[in-house]
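Each chain, letter by letter, is given below.
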Amino acid sequence: MVDYTDFKNGLQDANQYLDARHHLSGTTALGNNSLNIVARAEYSFTLRELLCGILSGNGIKLPNLQICLSANIKALLGIPQLQSQLFDALSQLDNALNDFMDHTNLNNILGRLNGVLAEAQNVANMINFCSAPVDPIAIPNMLERAFGSFLGAGKNLIDQIGSIAPENVCACIGPGGFNSNVFNGGILGTIANNIDAINAGNLGDSVINSIRADIENVTQGISNLINFENNIKGGYSLGGSQFATPDPNCNSEIGVMHNPFNGSIADNARLVTSMKSLYDRLSGYPVIYRPGTFYGGSQGQEPISASTGGGEPREYANIFELLFDRELLDLLENLDDPQSTVDTQIPVRDYCGNIIGYTTNYVQHEQQTSDGTTPTVPNSPGWSAGGLPTSSGNTTENIDTVDGGSITINQGGGSNVYLVNSESAQLALATSSLDIVVRTDILTIFVRKDTNTFNTGTMSDYQQSSVTFTAFGNSVNDLSSYGFVVKDGNTAIARTIIGTANEITVINGSGAGGNPIIGIADNPVIPGNAAFTIPIGNYAQRPAAATSGMMRYNSASNNIEAFFSDTNTWEDLATTQDIASQTTTIVNIGTGAEVFKQRNVSNEYEFRKINGSGAITVTQNNNDITVGDSLTASNVGGGTGLFKSRLVNDLQFKTLTNVNNNLSITQTTDTVNIDLPGVRTTTLQTSDGVATNVTFNGSILQPATDKTWFYELYVLAGDGATTKRAWKLQGVVQNNTGVASLVGAVNRIDYQRGTQDVLETPWIPGSSYNQNDIVEHNLIIYTANTNISAGSASSYAPPDTNSDWTVTYLGWNVDTIISGTDFLIRVRGDSSTVNWSIKLEYVEL
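Treat the numbers as computed from the prediction; the structure is a model and nothing was measured.

Criteria and thresholds
Residues numbered from 1 in each chain as written. Predicted model: local features only at pLDDT ≥ 70, side-chain atom pairs only at ≥ 80, totals over all residues. Heavy atoms only, no water. Axes fitted to C-alpha atoms, helices over the stretch in contact; angles between N-to-C directions. Helix = DSSP H or I, 4+ residues; strand = E, 2+ residues; numbered from the N terminus. Parallel < 35°, antiparallel > 145°, perpendicular 65-115°, else oblique. Left-handed = near helix turned anticlockwise from the far one by under 90°. Contact = heavy atoms within 4.5 Å. Nonpolar A, V, L, I, M, F, W, Y, C, P; charged D, E, K, R; others polar. Phe/Tyr/Trp six-rings, centres within 6.5 Å; stacked < 30°, edge-to-face > 60°. Buried < 20%, exposed > 50% of the residue type's maximum accessible area, 1.4 Å probe, protein only. Lys NZ or Arg CZ within 6 Å of the ring centre and 35° of its normal. Pairing = 2+ DSSP bridges. Salt bridge = Lys/Arg side-chain N within 4 Å of Asp/Glu carboxyl O.

**Student:** Before we go on, may I ask you to explain the packing of helix α7 (residues 153-161) against helix α10 (residues 205-230) in this structure?
**Tutor:** The relative placement of two packed helices is expressed as an angle between their axes plus a distance between the axes. Axis separation between α7 and α10 bottoms out at 10 Å; the angle between their running directions is 160°. One way to sum up the angle between α7 and α10 is to call them roughly antiparallel. The handedness of the crossing between α7 and α10 is left-handed. Residues A153, G154, L157, Q160 and I161 of α7 form the contact with α10, whose participating residues are V218, G221, I222 and L225. Looking at side-chain class alone, the contact of α7 with α10 contains six nonpolar, three polar and no charged residues.

Here it is, written out as structure tokens:
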């Protein structure tokens, strides 16, 4: 046995593929079989390039929108808790979108383009030819009608399904589920806004109904758009020419069904081409008409039988004589003239008369017209196939029959058969008893009742003899959605059973895959404002196996009663005596909080409850309610306690005193404040080399007006690592009428300094300095490079901006100065983070 294998080492060209030897493992076809191989039909280079492009999937505008919507709808259909009504509506939307996607695929698009091209070519051939001219539709209009999906109508329908910002289209397919972040409108936008309720299976009925209505509209729009675009028609009027007397003999044998207005010009052209081609090939074969014969025996195994009666057999020249009138046969017998109306080549000869080439010369022939006459409307019921569609082309369009027209057939027995296309046309007929009226608009037959009895001028004068079901049945067959089918005229509509929130629940309302289940909602709300009736019966009619919660009206005692399982008895809930004896009014007396609230519509007395809160307790006994308290008090934590004791309802606390007058104790409405006079502490952090003012609780501290401090300042700084610095400063500062000043020198002790730093004289603007003089400015120590004269420009330039000074110390620093009228405490670090801890002690006079 030979093993057939695919190509192991690849192929070099098409010849190797077509060669029979390359398909077998070392086996070569022999004899005549070696010729039985695939014939090579090579595409042009351009066609192969196009095919390569199509095979790669590039070069066409991708259906990102359609795929995005389809994926998200399918993700919604996969939600486990999706409610049945929403599932059915989304399934309908999914089917409609699938139809639209199929309608916009490349094969269908090219098919519609071919349809437009075929129709345009056939229309062009018929312009001003028929006696009744074709009224053409412009080619751009035909293209617009066939491609509305790409000219705005399709995008509008897509936006109704789900509107997406252009920048979000390619990111719309979520990771394994519905992407609620990309839709900003349309049906899917509404769903995105309610996705949490949809996932939980509790979306409200009003929202579901709104979504279903939107889906119904958009699916109908998609269906209408597809039908409209597939209906390619190149003429408003198809025109025509008449070659035979209209219906001269009223054919009583089997006739040919054809409705020329059912199809386009291209559809009819295909039929004409086929007619002529078949006539040219088959018209030479005679046929015999055998009255009374039939095809085959009862099992269809016999050929056409011999004549069994009804007349002698008749021979016809060909089968076409049984299909067409003589005048049309004369046209079929004419030779088909293939000559173009434009000549394009003229031979060029040499001096010997030999053809050495051709020149192109365009000569337009005169416009030809049909030899037929303007058509007249036949009066036979078979004209235009009774309005039935007969074209099988893919551009079929059904044309409505003209309203009011009718055709009458006399059957020779005193009764007439009328063919009409509307109820108004039927009622306008002057019919007699037993006349038959065929309605083409609803494919139904009516028989005229006795005119002596029925003369109302309405449809009740007729007996309908067939059911109007064909159009409705077709509509049912076209349905793609789930639900129960209802008949709306001739249209079949899928409806779903929908419950009412808090009243009726419906499971599987469409009936898809199982029976609908209809029940009362949990904890139902009974609608209306009148009343609802509970079961009514006497004692003997109580249920034999009563269970807790049953309620009924006892017609014997006129009481509403319920069954209680704890006593296993029926108990009255309300009696007429109870209602008659009720006090009309109950009121609270005295002042304070009221206990009685109201008597409700059920004649129940409603009282407020007494509740304990905090330390208040409420105790209920058989005969009384006790209100008390569970209030306690205690000191928590260690140290001296402030709470002393509780004396009945008096909570007693110890008093705070200032024994040595070294504390300040003050109180406000809500606080007791303990302060240590003359002592303040604070912390701060710096991260630059700029002098920073020290504040205490956000304020700069200094003596009040006409007060003097003897102060001592403790400062500790560190960078959180190994570097630490410490200082202590002492001095006297006074405030005379709002102006602060230092008294004497500030004493300073430096601890843990990296460089020796003594208190230097602050730089004074406008003063004179000698070379090597040392000053302090903004906590930085400077040395004069030269002599500086008083009043000179250099004497007024601060050392940090003056080249006459050189920095001699940049370490961390602290000082106390007078700035303007204020006493300031300042610190300076560097670009690293420095944490400062400061304590100020002062004695005030």
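**Student:** What exactly am I supposed to notice about the packing of aromatic side chains here?
**Tutor:** In this description, an aromatic ring pair is defined by two values, namely the gap between the centres and the angle between the planes. In this structure the tally under the stated criterion is eight aromatic pairs. Look at W709 and Y842: their rings are 3.9 Å apart centre to centre, the planes differ by 15°, and that puts the pair in the stacked class. Residue W709 is found in strand β34 (residues 708-718), and its partner Y842 is found in strand β42 (residues 834-844); the two are separated by 133 residues along the sequence. On the basis of relative accessibility, which here comes to 18%, the residue Y842 falls in the buried class. With a centroid separation of 5.2 Å and 55° between ring planes, the pair formed by Y711 and F823 is classed as tilted. You can see Y711 sitting in strand β34 and its partner F823 sitting in strand β41 (residues 822-828), a full 112 residues away along the chain. Its relative accessible area of 1% is what places F823 among the buried residues. The ring centre of Y462 lies 5.5 Å from the NZ or CZ of R448, which sits over that ring. The ring of W812 is capped by R725, whose NZ or CZ atom sits 5.7 Å from the centre of that ring.

**Student:** Help me understand the pairing of strand β14 (residues 444-448), please; the structure alone is not making it clear to me.
**Tutor:** Burial of the side chains of β14 is restricted to one face: T444, F446 and R448 are buried, whereas none of I445 and V447 on the reverse face is. Taking the residues between adjacent antiparallel strands as the criterion, strand β13 (residues 436-439) and β14 are bridged by four residues, where L443 takes a positive phi near 50°. With three bridges joining them, β14 and strand β15 (residues 462-464) adopt antiparallel strand pairing. Counted as the bridge partner of R448 is Y462 from β15.

**Student:** Honestly, the pattern of salt bridges in this entry has me stumped. Any pointers?
**Tutor:** Opposite charge on two side chains permits them to pair, given that their charged atoms come into close proximity. Tallied over the entire structure, the rule returns ten salt bridges. Between R826 and D815 there is a salt bridge, with the nearest N and O atoms lying 2.9 Å from each other. With R826 in strand β41 and D815 in strand β40 (residues 813-819), this pair connects stretches of sequence that are eleven residues apart. The two residues R826 and D815 agree in class, both being buried. Among the charged side chains, a network of salt bridges with common partners joins R542, R552 and E561.

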